[in-house]
Every structure is written in structure tokens, then in C-alpha cells.
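# Commentary on secondary and tertiary structure
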Amino acid sequence: MPSRACTSPHLTTILAVAAGMIVANNYYIQPLQVPIAADLGISESLAAIAAALTQAGYALGLLLILPLGDLMDKRRMLTVLLLLAATMMLAFSMTTSGAALLPLAAAIGISSIVPQILPPAAVQILPPDQRGAAVGRILGGLLLGIILSRFVGGIVGGTLGWRWLYAIAAATMIALLILLRRTLPPLPPSYQGSYAALIRSLGPLVQRHAKLRSLSLIAAAQFAAFSLFWSRLVFLIADQGLDSPAIYAGWFAPIGAVGVIAAQFTGRPQRRIAAHRIVALGGALMAAGFATMTLAPLHLLWLVPAIMLLDLGMQTSHVASMAQILGMEPAAGSRLNTIYMSSRFAGGFVGTLIGALLWPLGGWMAVCTAGVALGATSILLAHAGQGLPAPRQSCD
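Residues numbered from 1 in each chain as written. Predicted model: local features only at pLDDT ≥ 70, side-chain atom pairs only at ≥ 80, totals over all residues. Heavy atoms only, no water.

This next bit is on a nonpolar patch on the surface. There is a patch of nonpolar side chains on the surface, built from Leu-60, Leu-63, Leu-64 and Tyr-195 and spanning about 310 Å² of accessible area. Looking at the element boundaries, Leu-63 is found in helix 4 (residues 44–64). Given a relative accessible area of 35%, Leu-63 falls into the partly exposed group. (Patch = residues over 30% accessible without salt bridge, like charges linked within 9 Å, V, L, I, M, F, W, Y side chains within 5 Å. Areas by Shrake-Rupley, 256 points an atom, 1.4 Å probe, with all protein chains shown as cover. Salt bridge = Lys/Arg side-chain N within 4 Å of Asp/Glu carboxyl O. Helix = DSSP H or I, 4+ residues; strand = E, 2+ residues; numbered from the N terminus. Buried < 20%, exposed > 50% of the residue type's maximum accessible area, 1.4 Å probe, protein only.)

Mapped onto the fold, Trp-302 is located in the loop between helix 16 (275–293) and helix 17 (303–325). Counting along the chain gives 13 residues from Trp-302 to Gly-289, while the straight-line C-alpha distance between them is 9.8 Å.

We now examine the nonpolar core. Counting residues in hydrophobic clusters, the biggest one holds 88 residues, and the most contacted among them are Phe-229, Leu-233, Met-293, Leu-303 and Trp-364. Per-element tally for this core: the top contributor is helix 12 (residues 210–239), with 16 residues. Each residue touching Leu-303, except ones within four places of it in the same chain, is listed here: Phe-229, Leu-233, Leu-236, Phe-252, Met-293, Ala-296 and Trp-364. Core analysis: the next-biggest nonpolar cluster, separate from the first, contains 25 residues, Met-89, Leu-101, Ala-105 and Ala-170 among them. (Core = buried A, V, L, I, M, F, W, Y, C linked by side-chain atoms within 4.5 Å. Contact = heavy atoms within 4.5 Å.)

The subject of this paragraph is the pattern of salt bridges. Between side chains of opposite charge, pairing is possible as soon as their charged atoms come close. Under the definition given, this model contains one salt bridge. The residue Asp-39 makes a salt bridge to Arg-163 at a minimum N-O spacing of 3.1 Å. One end of the pair, Asp-39, is in helix 3 (residues 33–40); the other, Arg-163, is in helix 9 (residues 162–183), and 124 residues separate them in sequence. Judged by its relative accessible area of 26%, Arg-163 is partly exposed.

Bringing the packing of helix 5 (residues 74–94) against helix 7 (residues 114–125) into the picture now. One can describe the packing of helix 5 onto helix 7 by two numbers: an axis separation of 10 Å at closest approach and a directional angle of 160°. Judged on the interaxial angle alone, helix 7 and helix 5 are roughly antiparallel. Classified by chirality, the crossing of helix 7 by helix 5 is left-handed. Residues Lys-74, Met-77, Leu-78, Leu-81 and Leu-82 of helix 5 pack against Val-114, Ile-117, Leu-118, Pro-120, Ala-121 and Gln-124 of helix 7. Residues that form the contact of helix 5 with helix 7 fall into these classes: nine nonpolar, one polar and one charged. (Axes fitted to C-alpha atoms, helices over the stretch in contact; angles between N-to-C directions. Parallel < 35°, antiparallel > 145°, perpendicular 65-115°, else oblique. Left-handed = near helix turned anticlockwise from the far one by under 90°. Nonpolar A, V, L, I, M, F, W, Y, C, P; charged D, E, K, R; others polar.)

Scanning the entire structure with this criterion turns up eleven aromatic pairs. Ring centres of Tyr-28 and Tyr-166 lie 6.2 Å apart, and the angle between their planes is 80°; on these two criteria the pair is classed as edge-to-face. Taken together, the positions of Tyr-28 in the loop between helix 2 (11–23) and helix 3 and Tyr-166 in helix 9 put the pair 138 residues apart, joining distant regions of the chain. Note on accessibility: Tyr-28 and Tyr-166 belong to one class, buried. Counting every residue linked through ring pairs, the aromatic cluster contains Tyr-58, Phe-223, Phe-226, Phe-229, Trp-230, Phe-345 and Trp-364. (Phe/Tyr/Trp six-rings, centres within 6.5 Å; stacked < 30°, edge-to-face > 60°.)

As a further point, take the side chain of Ser-201. Here Ser-201 lies in the loop between helix 10 (195–200) and helix 11 (202–208). Separated by 2.5 Å, the side chain of Ser-201 and the backbone oxygen of Leu-198 make a polar contact. (Polar contact = N/O pair within 3.5 Å; in protein donor to acceptor, adjacent residues only side chain to side chain.)

At a minimum axis distance of 8 Å, the contact between helix 5 and helix 9 shows a crossing angle of 165°. Accordingly, the angle class assigned to the pair helix 5 and helix 9 is roughly antiparallel. As helix 5 packs across helix 9, the resulting crossing turns out to be left-handed. Of the residues that constitute the contact of helix 5 with helix 9, the class distribution is 19 nonpolar, two polar and four charged.

Side chains that are three or four residues apart share a direction in an α-helix, a result of its 3.6 residues per turn. The first and last C-alpha atoms of helix 4 sit 30 Å apart over 21 residues, in line with the 30 Å expected at 1.5 Å per residue. What helix 4 keeps buried is the set Ala-47, Ala-48, Ala-50, Ala-51, Ala-52, Thr-54, Gln-55, Gly-57, Tyr-58, Ala-59, Gly-61 and Leu-62. (Expected span 1.5 Å × (residues − 1).)

Our focus in this paragraph is the confidence of the model for the chain. On average, residues of the chain score 84 in pLDDT, and 89% of them are at 70 or above. When the criterion is pLDDT under 50, residues 1–7 qualifies, and its contacts beyond four places in sequence or with other chains add up to 14 contacts. Long-range and interchain partners of residues 392–396, a stretch whose pLDDT sits below 50, account for ten contacts in this model, where long-range means more than four residues apart. (pLDDT = per-residue confidence, 0-100.)

Here it is in C-alpha cells:
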């Protein structure tokens, strides 16, 4: 079984597609907050909190569940998580109250961490000379999933209804479960010890690596800005008096694909340009994107260059940061990824929550101001961390 899976030319493609389709569960809600609020008879602020809780659930799952990939068979782990994700998505599609909406949104985030299990699985299966390319393709699939999920959420959810979208997504999780079970071999654990000891080891890693702390804070600030924009876009469109704002919001999502394309090329400059400069540049591009967005109430087409700048900045910074993170301690790669990614998605939760709080106070201009501030914060953090020692790069 392992040899058949290892030699399959389609393995990396399957894992990349699966990563994108599963991570999308976290983002369908963002362009659908207005129709969900109207259907359930709840406030738009409560729907926005549900979107934020999806991000918080994902961060919590990364922190508490992802390390289990070192303690149990990864194939069994993703089976359990995909079953849970399918169940939560189906329950979400049938909910009739705002009270049930919030815990279900958090549970969807917790159960959708499978994409973060797939890169270590690929490393465990593939020979060393194929691992780097495989992880890069899986990351590309994940990034495309984040971007295109808003397109699917806006178009499909706006056309068929948000309930049908979540029901279809639940069925998709079952289909992916079957496909991955048939594609992946058993993936035995690599860590000898207890779960408590594994979780306790996260603290010393954070203390030991100042660069990890710096990059994690930057990632939190930048993903907060990213989530701030995408969680408020549908409300800006609704304010313009357009019918079906979810559909319009969905059409803007593919513009961000330029960020995924750019992310594939940042590895080469990373060898010649200091990482903190690339990360600071990412923050500057994001701040410029939010500055451009201030013109969007005049005409929504201003969002096109703004989204390009926003996604280009975030994805470029993310790829440069990951190159640093993965080179710190190869033996602790999963736990380093846990710390970095949980910080990143905690920032996503904060950004979504900031948007929900600022919108009633200052509308779109308040959102743009906060976005510029978050981008500027990441620049300051990047320059503050420039004197920290760079991690020794792994040959893998």
C-alpha cells in the first residue's frame, strides 16, 4: 500500500485539491452574512460574530488538535475530522436559530484543519527530492481554496441559497474522505510521548525562537487585515443598493488569485533579500490596498486594484514567513506550524471581530482605517525583528 501511494503521479494534485476544498469551509460564510441574517431573523452583527467564530475555531483546532498528527495515524485523524466537518456543515445548513449558529460556526472551523495535516503527510510518504515541490503545490491549493471559497460562497450561495451551499459542502467532505482513504497509506505516528507532553513542548519552542514569535505576530496582524476586508465586503456592496450582494461579493474573490501566483515566486527572492524586508513589503502592499479601498464607495471598480494589492501583500509575506518557520527545527515542524498558523488564524478572528465592531460606528472608512493601521503594524513588527538571527535552513 505505501509503495503504490508513493509512486502515484496524482497524489500531490489530489492533496492540493483536497486542501483547497476543505479550507473553503471556513470562508463560505463571509459573503453570505447578509442572507443568513435575513433568513434567520438575526442581526447582521450576530452573523458577523458567527463568521469570526469560524476563524477562532480554526485557530483553536490548530493549537489543540493539529499536534495530534505526531501522536496518531494521520489517515485515521483526517477520517475523524472529515466526518465531523460533514456533520457540522449539514447541521449548519439546517439550523433555524442564531443561538445554534454560533457553536456550529466554531465547530466548522475546528473540524476544517485537515489541510494543515496534508503537508506533513506528503513529507512522510514521498521521497526527499519530491517533498519541497509537493508542499508548495499543497500550499498553492490551500491559498486558492481560501480565495475561491468566497467566489463559490457568493455565487452558489447567492443563487441556490446558503443552506444548499452548506449541504453540498457536507457531501463534498464525505467524497473527499473516501478519496483520501483510498489514496493515502497508513501514516503511523512519529512522536513517542503523551499528548500533554506534546502540548507542553509548544511553550519552550516559543521561548527558544524569537524569530518564530516575531513572524507569528506579523502573520496575526496581516491575516487580521485580510479577514477584516473580506468579512465586510458584502456590507459595502449592500450599502450601494445592489441586489444580491453575496453574488457581487463572490465575483470579486477570483481577483485575489494574483496573490497565489505571486506566492509561487517568492521563494527565489527569499534567497537574496532579507526575510524581514519581504514581510515588511507585504505589509506595505496591504496598507496600500486599504488606502485604495477608501475610493470604493465612489465606484466598486476601485476594489479591483485594492484586492490585488491586499492579496499580493499577504501571500508574499506568508510564503516568506513559512520558508523561515520550516527551517527552524525540522524535528518539530508540526509544532512550529501549529504555533505560527494558530497565531495567524487567531488574528483572522480578531480582524473579523474588529470589522463587526467598527462597521456600526464608522462604516467603510473605519474599516479601511483599521486595515491601514494593521498593515503598518506588521511593517513595524518586521523592522523590529530584523536583528533577530535567521533560522538555519533545512535541506528538506
